[in-house]
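Per-entry structural report
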Amino acid sequence: MSGRQAAIAGMGLLPFSKNLGRPERTAALEVILQALAEAGMGADDVDGVVRTTMESTTDAHIAFCLGIPDLRFFGEVGHGGGSGCALVGHAALAVEAGVAEVVVVYRARNRSTGGRPWAQAGNQVGGDAQWSVPFGVVRPVDQIAMLARRYMHECGITTRHFGEVAVACRSHAARNPGAQMRDPITLQDHAAARPVSEPLRLFDCCLESDGAVAFVVTTLERARGGARPPVLIRAHAQGVGPEHVVMTSYHSENPLQSTATFAARNLYRRSEVGPNDIQCAQLYDAFSPLVLMSLEAYGFCGPGEGGAFAEDGGLQWPAGRLPVNTSGGSLSEAYVHGFNLIAEGVRQVRGTSTAQVAGLEHCLVSSGSGVPTSALILGAYR
Amino acid sequence: MTAAGTPPPVADRPVPRRDEGSAPFWEACAQGRLVAQRCTACGRFRFPPRPTCPACRSFEHRWEDLSGRGRVWSWIRAHPPLLPAFAELAPYIALVVALDEDPIHLRMIGRLEPACPEPAIGDPVQVGFERVVDQVIPLWRLG
């Protein structure tokens, strides 16, 4: 070990909305400058930029716009919602290896210009999609619903368990002025909502949002100079597992052993922090079943026990065993490919969440499962 | 948007774009046959097709005819909002079939014939085919 510890020193965020009101490039630049200001830094300090491959603005163009004089580390991670935590992880790797001092991570989404990838299928579909799209398995909700029904079948999970996730997220969003959906819902509301891709219904599906988020990753030493307490990056990991097909991951020997199972193994393998040391989690919730599967994958309960965990109120702030998605998550706060979940992880560690877990030491954040994924353990600096 | 009173044009359903790895599968469909890649070094089936065997890493393989029989591994019923090409079929049932020859390594996504009742996981299914635009793709039925 070099002895360098990476930390998040600053965060920038535009309000989540149905219309960002500016191009993605402008939004990205704004939140990066916000994050740098919070870190007590300027663009001259930045020497690294990492991005998700979905991002419309390139690393070099960020440097061009901001006048970053000497960009020494830049890279990208693919697979959409699976990439968020990995970007923070790659930034931490670069900082801890001494390759870079100050690395910026960003995501800006404007649906009016960015669009939805699945809706852009042409009349001929190639690659992996040729095995699913011609048969009407087109939308992310179809792809995950297929896995969800198998999960129900093998593990005794019910749609009511999915409802528990949706209700918990909404109750947390009701406390968060920045959340897009704040009216409380009940299990009855969940069961009565229109089906989208059975077994999944409306409230099992994340929102569609515009938003922009950025983080500044640097050494703990430099992070101490910021306006906010440093958020330690205690562990980060990626994972895929065998014979994975992105989104239509039905082809491995055990598809219920999701990419998150492998990311979790890699995460805990390199960390002194285990599931029992984690008081709060932001679990990727593009669709509600993924939360239950992730509870199991990240070791917060045994295999097949995710439903019972939720039914016992385990996800609920403040009394649950593990308050989950305390800002409302992708189901009720906003959907920006999980970058809002990282932001809420930062708030929990700083003690500024609207559903703050008392005495929090560690918060786990996961990126999307069903795709090559990643996860973080964020820790308080005492 | 189309002008009021003008029905929108019916969109064509998306069809597979063949590549060097997938062409034998789609060409067999056009002849009413369901086939899969099988490693000639270790004998393992694999799907979707790829150049190498993930078990023994051999490039050697052949395409084998399958019985077209399998069981429902999972299924969904899709409702709008959908791509225009699928909206006219809604609600429709899509499924994953575990093929009898190797239910672990041969799982195929497909669509269930509209006349079929709601399936259950484990139900037996039999392949048939449907013409979509200029191609032929599998269409499954119960039984």
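Here the structure is a predicted model, which means the values were calculated and not measured.

1. Things to note about the environment of Ala55 of chain B
Residue and element names in this part refer to chain B.
- Position of Ala55 relative to the elements: it lies in the loop between β3 (45-46) and β4 (61-65).
- A C-alpha to C-alpha distance of 7.6 Å links Ala55 and Arg44, two positions eleven residues apart in sequence.
- If near-sequence neighbours (up to four positions away) are discounted, Ala55 is found in contact with Cys42 and Arg44.

2. Quick notes on the sheet that holds strand β3 (residues 73-77) of chain A
All names here are of chain A.
- Ordered in space as β3-β2-β4-β8-β1-β9-β12-β11-β10, the nine strands form an open sheet in which the pairing is mixed. Of all strands in the sheet, those bounded by a partner on one side alone are β3 and β10 (280-282). For this sheet, the mean angle separating the axes of adjacent strands, direction not counted, is 25°.
- Note that strand β9 (residues 231-239) and strand β12 (residues 373-380) share eight bridges and pair antiparallel. Note that in β12 the partner of Ala235 across the bridge is Ile377.
- The strands touched by helix α1 (residues 24-38) are β1 (6-17), β4 (102-109) and β8 (210-219); relative to β1, the strand with the most contacts, the crossing angle is about 135°.
- Contacts between helix α3 (residues 84-97) and the sheet are confined to β1, β2 (48-52), β3, β4, β8, β9, β11 (362-366) and β12, with β9 contributing the most and set at about 115° to the helix.

3. Concerning helix α2 (residues 59-66) of chain A
Residue and element names in this part refer to chain A.
- Residues of α2 that are buried include every one of Asp59, Ile62 and Leu66, and no others. Down the axis of α2, the smallest arc covering the buried residues is 55°, so these residues share one side. Exposed and oriented more than 90 degrees from the buried face of α2 are Ala60 and Phe64.
- Looking at the buried positions of α2, the neighbouring elements they touch are α1, β2 and β3.
- In the segment just after α2, Gly67 is the residue with positive phi, at about 65°.

Criteria and cut-off values
Residues numbered from 1 in each chain as written. Chains lettered and ligands numbered in written order. Predicted model: local features only at pLDDT ≥ 70, side-chain atom pairs only at ≥ 80, totals over all residues. Helix = DSSP H or I, 4+ residues; strand = E, 2+ residues; numbered from the N terminus. Contact = placed C-beta atoms within 7 Å. Pairing = 2+ DSSP bridges. Axes fitted to C-alpha atoms, helices over the stretch in contact; angles between N-to-C directions. Buried ≥ 20, exposed ≤ 12 C-beta atoms within 10 Å, placed from the backbone. Arc of directions from axis to C-beta.

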